[in-house]
Amino acid sequence: MKGKRLLGIALAISSLSLLLVAAATAGPTAKRGGTIVLDMTTDVDYIDPQLSYYGETWKLEATTACKLMNWPDKEGAAGAVATPEVASGLPLVSKDGKTYTFTIKPGFKFSNGKAVTAQSFVDAVNRFANPKMQSTGVAFLDIIKGAQAAVDGKAGSVSGVKARGNKLTIQLTKASPDLLARLAMPFYQAIDPTLARQIDANGINQYASCGPYYFASRTPGRSITLKRNPNYKGGRTANADTIQVNIGNSVDVEFQNVEKGTSDYASGGIPATEWKNIVAKYGLNKKDGRVQVRPQLDIRYVAMNHSRPLFKDNPQLAKAVNWAVDRQAFSAQGGYLYGKRTGQILPPGMLGYKPAGIYPLKVTANTIKQARKLAEGNLRGGKAVLWSSNAGTAPLQAQLIQYNLKQIGIDAEIKLLPRAQQFTNAGNPQTASFDMTVERWGADYADPYDFMNILLDGKQVTQPQHNNYAYFNVAKYNKEMTAASLLTGPKRGVAYAALDGNMMRTNPPWAPLVNSNDRIFLSSRVGCVTINEISGTGPLLNVLCLK
Amino acid sequence: MSNLADSAEAAANGQAVILRGRAALPPEDAAVDDDFDVGAVEARGYWEGVWLRLRRDKLALAGGVFIVLLFVTAFAGAPLASHFLGHGPNEPFLVSGGLDADQLPAGPWTHVGKLTENGELEQQLFVLGSDSTLARDEFLRLLYGAQVSLEVGVGATLLSLLLGSIAGAAAGFYRGWADTTISRLVDLTMAFPYLLFVITLAGTLGTRLNHVTFGFLGEGVVTLVLVFGLLGWFYSARVMRSVALSIREKEFVEAARMVGASNRRIIRSHVFPHLVGPLIVLATLNVAAFILAEAGLSFLGLGIQLPTASWGNLLADAPQYYTSRPLLMVWPGVALLLTTLAFNLLGDGLRDAFDPRGSR
Amino acid sequence: MLNYIIRRLLWAVVLFIGVTLITYVLFFLLPADPARLAAGKSATAEDVARVSHQLGLDRPVHEQYVLFLKRLVVDHSLGRSYANRRSVNEMVGEAIPVTAALVVGGAILWMLIALPIGILSALKPRSLIDRGAMIFILIGISAPVVWIGLLLQYFVGFKWGLTPNAGYCDVIDPPVGASCGGPADWAYHMILPWLTFAILFAASYARMIRANVMDTLGEDYVRTARAKGAPENVVIRRHVLRNALLPVVTMLGLDIGVALGGAIFTEAIFNLPGLGRLALNSVLNLDLPTMQGVIVFATLTIILLNLVVDLIYAWIDPRIRLA
């Protein structure tokens, strides 16, 4: 009797504990499935991994790519450290810091079943450097040995990357502290042998990927569809079955869609005046809440084209523009929680950020007077072409800048373009027929190189496609930028801060306006909201689930 | 289209009055109008008849009065209002009342502050509130937008009518190779997908022409006038051609010819007076159509250039404020509706006045 | 009749050449270098020169035009887009069903609205129906299409949630992962676009039908039929309607060609991936081949439709073919 009772109790306890364990581990599996729908106002530039350099595409590629190093699917500080993904661990680094050796973890497969090998990464670098691809991102190859020769067409492949079995060796031209961060950019993701052979500067629209999802289809201008990668065995979550991106709806339609639940995320934004309302209605930054706002390493600015007569060797006018622009009003156009005004190149939170108080953050009668004084005699005809995106708040912001410019005597004509068209044309010397363009830049990783050198190093301005929209090419600063990129530790920050201050004080390439926040509006259908601004804006799409 | 041609033709005849349709005459007036018979056309009597008939059409008169008021408001009222209110239509009032506490555009009848030279704030009034988050005066933008709409409407009408009536009348009167050529040209222009061509031309030629303002026109007006005019002339050409054709056969023309009058004299003294009627009707209806077309193009971003206000681009910015300032959608839409309505009513009334027998 | 057909066909060909020629020439007025745009991301002058030669842009304009025609007629190709290198044929082919759905569906809707309104108000002049019809007509032809579309989208689509507010669903073969597809979804999403598109035409057709019916009612043969004692509905059906509606039918054929362009606004507001939106985007992106392609295609359609309408009309009315 006693024995039986004891047995009964033991059984009860063990089944209870089994149930508890089951309940504890049942969480993730219960939320799988369904289709998540995103709205974008305009089409992406490309979905080709070696070409795409646009935030909206990168949030999609964050789900499809598998990389040597990646950003963990976590919020905050935990998500901001480049962590080995396909690499089995941190690389072995040679003493001079110029050779990195990675070991490839087995088990990663492309959506077409092929295995990910060290060669997959070599292929990616070679395709990236291939001059026929004309990728905008080639500036990020500069530290890899042999990359420049490949980009210049002098070599058929990049000599500095080699694959031997499951070992990948990368040789650098100089020791570079941000290599691991760079490797986490989608340019460096593993590509399958088929894509490796497809060289087309217009971009490939269908290819196999090795991340939790793959691009199932793309209809340019209309839609992009991602589906769960059936062969993915890495550790990242893949909750939804399908991620559907609909392109072309205006911001007010996007707002209506997310509000009603026909879409889950307004990736293209919502009307600026709605933010206050929805924060009041749904609360701010609640767990799995519908409205999420995060600061990001980003800058909105007006790039002044230094290759055209108006701003060429005309620092006084550039300073005048910085005095004239109404940063407060620009921010107001964006609505509630748009961001913080700034007069610096680097954003707060970035190493090297040092507000120098050079330009006013608020327009008064005195600031206008000062602006006019600086502009006087330097107007050179006073006619300018101002480019801007045509979606959402951008036309209003452009008219605001136009008004500010009018105050100092510049008659600016506004040209509105679809966003991808705007920066593609601006970054191509052949089509860059603007004097000023209202731009936005979000950091790819948390290092000033990604801001300063990528955007302002003069050696890019002759490339067929680049990011130096100011066409800023001052030998002194080019040298200082290169020198700063070699430093490590606090010295790096000091050098970049000095560069920032000096440029803005003596010969501003831009009029920096606002460091904007990432504002996210989600439908009531979704949960598992995790946001990693380094990985991309918006919620992590592979983690986002239907409630 | 056929209705218009026929009624224009009939109007040219100055036929006896048998009214049908909307406004039927009481018997006594019918007797009065019998004095205007076929045959020799007395210019004075003809016009008097037209005016009498028009006067009876209350709706058309209302339309006409509205149009006159619109012109006055747009070209005199707008600068006056701007002067009295103390600011222009493109000035933002961002920091001093143009945006309310929630950073939304201010509502109607808001007082805003203008920054003067010595840094003080001078109180001014926004009658209809702000137009957008740029806090410009919606009321003034509506008024100046009226200017743009009328400039484009009237300008394009003048151009298309000028080209069209000369071509059409010449074709109809002279016949022969002139007729064949011009008719073929009309066919050619009609084969173009009108709106597609308009947006293509406006988008491409626009970059060259948008700066041309002659000092007083809005940016983009010249582009639209040219594009609408050059692509729209065929419509009036066809109408004028059939009018000229029918007049040509009239007895008085034959009579004049027998007497030995030259073609030029015949055209001047006999044909032209009968063209004027249909021309006026066409003009009024075309203005309405071009105003709507301009609004559509500006909505697409291809018409009037920012920051110049036009009813079309006011309409383009308004949907963003659906939930917060829904009235912003109402003002430009209603303005467009009333203006087009007025022109259509006037045009219909004129058509009935010139051709009281209906479309025959 | 055969004579007429041949003459008409020849003229259609001439028209086509004329329009394509003018279109082609006009693009050279653009402030953009076609070779540079086609070379796209090509930096060097040699690249631009190479592309220029490849596309034949270094030859005189008339030679280029002949090449363009040849490619069009022989290869049936409209070229490749500068923006994304896709074949323009393909892009136009994808867009046609959407615009066709909008225009044809809209045409059916506007006739369904215009016929009863026009006929009834003509048969009962100055009645309440007539007055109501006149108000509808006046507002319909005066209200901006864009405004109506936006209002419908906001109230019917969003506020009252009765229909979707934007977007297009493929009737057959929806792309992988599309959020909607099939005839029911397709029709549901097209309700507001059809309504927006149809209102203007419904109003003007109602007016035309009303005027035509009223005129026909006054004709001698109608009076005769009535005098002979025919019942009213026979008079209406056999004599009045048939004669009143014939011109309307021909107008319909012509207007559908015109309507291709008018669909632009509706497509922009409701995000329908049709020809209008394709044209609009190609203008914004200065994508010459696509612009040309859409215009050439639309012109072909208009010319063909006009041809068909003229031939039908000539067959019905002998006076025309003998002119």
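Residue numbers here run from 1 along each chain, matching the order of that chain's written sequence. The naming scheme follows written order: chains are lettered A onward, ligands numbered 1 onward. Reporting in this predicted model follows two pLDDT cut-offs: at least 70 for local features of residues, and 80 or more for side-chain atom pairs to be given and counted; totals over whole chains, interfaces and linings ignore these cut-offs and use all residues. Water and hydrogen atoms were dropped before computing side-chain values, which therefore reflect all heavy atoms in the structure.

(A) Region of the structure containing the overall build of chain B. If you tally the helices and strands in chain B, you get 12 helices and two strands. Strands here are runs of E lasting at least two residues and helices are runs of H or I lasting at least four, both read from the DSSP assignment and numbered beginning at the N terminus. Listed by position from the N terminus, the elements making up chain B come as α-α-α-α-β-β-α-α-α-α-α-α-α-α. Buried residues in chain B amount to 59% of all 360 residues. We call two residues in contact whenever any of their non-hydrogen atoms come within 4.5 Å of each other. Nonlocal contacts in chain B, meaning residues at least 24 apart in sequence, comprise 73% of its contacts between residues at least 6 apart. Approximately 14,600 Å² of chain B is accessible, and the part contributed by carbon and sulfur atoms is 64%. The classification of residues rests on relative accessible area computed with a 1.4 Å probe and restricted to protein chains. Under 20% of the type maximum is buried, over 50% is exposed, and intermediate values are partly exposed. The method behind every accessible area is Shrake-Rupley, applied with a 1.4 Å probe, and residues are considered shielded solely by the protein chains displayed.

(B) Focus on the overall build of chain C. On a plain count of helices and strands, chain C comes out with 13 helices and zero strands. The N-to-C order of helical and strand elements in chain C reads α-α-α-α-α-α-α-α-α-α-α-α-α. Within the span of chain C, comprising 323 residues, buried residues form 54% of the whole. Taking as baseline every contact in chain C between residues at least 6 positions apart, the subset at least 24 positions apart corresponds to 70%. Looking at chain C as shown, the accessible area adds up to about 14,500 Å², and 68% of this sits on carbon and sulfur atoms.

(C) Structural view of the confidence of the model for chain B. One confidence number per residue, pLDDT, is output by the predictor and ranges from 0 to 100. When pLDDT is averaged along chain B, the result is 78, and 85% of the positions lie at 70 or above. For the stretch residues 1-36 of chain B, pLDDT sits under 50, and the model shows 70 contacts to residues farther than four places along the chain or on other chains.

(D) Region of the structure containing the pattern of salt bridges. All names here are of chain A. The rule for a salt bridge is simple: a side-chain nitrogen of Lys or Arg has to be within 4 Å of a carboxyl oxygen of Asp or Glu. Evaluated as defined, the whole model comprises 27 salt bridges over all chains. The shortest N-O distance in the salt bridge between R236 and D73 comes to 3.1 Å. With R236 in the loop between β9 (223-228) and β10 (242-247) and D73 in the loop between β2 (69-70) and β3 (83-84), the pair connects residues that are 163 residues apart, well separated along the chain. A relative accessible area of 16% means that R236 is categorised as buried.

(E) Expanded view of the interface of chain C and chain A. Counting from both sides, the interface comprises 27 residues of chain C and, opposite them, 34 residues of chain A. Among the ionic pairs, C:D170 bridges to A:R222, the shortest N-O distance being 3.3 Å. Each polar contact in these results corresponds to two N or O atoms within 3.5 Å; when the atoms are within protein, one needs to be able to donate a hydrogen and the other to accept it, and residues that are neighboring in sequence are counted only if both atoms are side-chain atoms. On inspection of chain C and its partner chain A, the count reaches seven residue pairs in polar contact (both at pLDDT 80 or more). Of all the secondary-structure elements, those providing two or more residues to the side of chain C that touches chain A are α7 (145-159) and α11 (275-284) of chain C. Here the element with the most residues in the side of chain C that touches chain A is α7(C); it accounts for four residues. Classes in brief: Ala, Val, Leu, Ile, Met, Phe, Trp, Tyr, Cys and Pro nonpolar; Asp, Glu, Lys and Arg charged; the others, Gly included, polar. Per-class residue counts for the side of chain C that touches chain A are nine nonpolar, 11 polar and seven charged.

(F) Here's a closer look at helix α2 (residues 55-64) of chain A. All names here are of chain A. Counted residue by residue, α2 has nine buried out of 10 residues, so it is predominantly covered. The complete set of buried residues in α2 reads E56, T57, W58, K59, L60, E61, A62, T63 and T64. Tucked inside the fold, the buried residues of α2 contact β1 (35-40), β8 (213-219), β9, β10 and β11 (265-266).

(G) The arrangement of the interface of chain B and chain C in detail. Each partner contributes residues to the interface: chain B has 47 residues there, and chain C has 51 residues. Taking both partners together, chain B and chain C bury about 4,500 Å²; carbon and sulfur atoms supply 75% of that area. Area buried by chain B at its contact with chain C is led by B:L196, B:L300 and B:Y322, which between them contribute 13% of it. For the pair chain B and chain C, the interface holds one salt bridge. Of the charged contacts, one joins C:R207 and B:D348 as a salt bridge, the two residues approaching to 3.0 Å between their closest N and O atoms. The tally of links between chain B and chain C comes to five residue pairs in polar contact (both at pLDDT 80 or more). For the side of chain B that touches chain C, the elements supplying multiple residues, two or more each, are α6 (176-191), α7 (194-209), α10 (263-300) and α12 (327-354) of chain B. The term buried area means the drop in 1.4 Å probe accessible area that two parts suffer when joined, counted for both and summed.

(H) Structural context of the state of the cysteines. Residues and elements named next belong to chain A. The disulfide criterion used throughout: a pair of cysteine sulfur atoms within 2.5 Å. Across all of its chains, the model carries two disulfides over all chains by this definition. Here C66 pairs with C210 through a disulfide, and the sulfurs are 2.0 Å apart. The sign of the S-S torsion, about -95°, decides the handedness of the disulfide formed by C66 and C210: left-handed. Placement of C66 in the loop between α2 and β2 and of C210 in the loop between α6 (193-197) and β8 is noted, with a sequence separation of 144 residues between them. The exposure classification of C66 matches that of C210, with both residues buried. Each sulfur in the disulfide pair C528 and C545 lies 1.9 Å from the other. Between C528 and C545, the S-S dihedral sits near 75°, and the bridge is therefore right-handed. Of this pair, C528 sits in the loop between β19 (526-527) and β20 (545-546) while C545 is found in strand β20, placing the two residues 17 residues apart along the sequence. Judged on exposure class, the residue C528 and its partner C545 are both buried.

(I) Broad picture of the packing of helix α5 (residues 138-174) of chain B against helix α8 (residues 221-248) of chain B. Residue and element names in this part refer to chain B. The interhelical angle for the contact between α5 and α8, taken along N-to-C directions, is 35°, at an axis separation of 5 Å. Considering the relative orientation of α5 and α8, their crossing is right-handed. Grouping the constituent residues of the contact of α5 with α8 by class yields 22 nonpolar, nine polar and three charged. The angle between two axes is taken between their N-to-C directions and runs from 0 to 180 degrees, where each axis is a line fitted to C-alpha atoms and a helix contributes only its stretch in contact. Should the near helix be turned anticlockwise from the far one by less than a right angle, the crossing is left-handed, and should it be turned clockwise, the crossing is right-handed.

(J) Region of interest: the sheet that holds β1(A). Residue and element names in this part refer to chain A. Spatially, five strands are ordered β8-β9-β10-β1-β11 in an open sheet, and the strand pairing comes out mixed. Two strands lie at the open edges of the sheet, namely β8 and β11, each paired on one side alone. Bridge count for β1 against β10 is six bridges, and the pairing is parallel. Considered in β10, the bridge of I36 is made with I243. At least two DSSP bridges between two strands are needed for those strands to be called paired.

(K) Here's a closer look at the pairing of strand β6 (residues 161-164) of chain A. Residue and element names in this part refer to chain A. Taken together, the four bridges between β6 and strand β7 (residues 167-171) define a ladder with antiparallel strand orientation. When the sheet's bridge partners are listed, A163 is paired in β7 with L168. Between β6 and β7, which pair antiparallel and follow one another directly, the connecting turn spans two residues, one of which, G165, has a positive phi of 65°.

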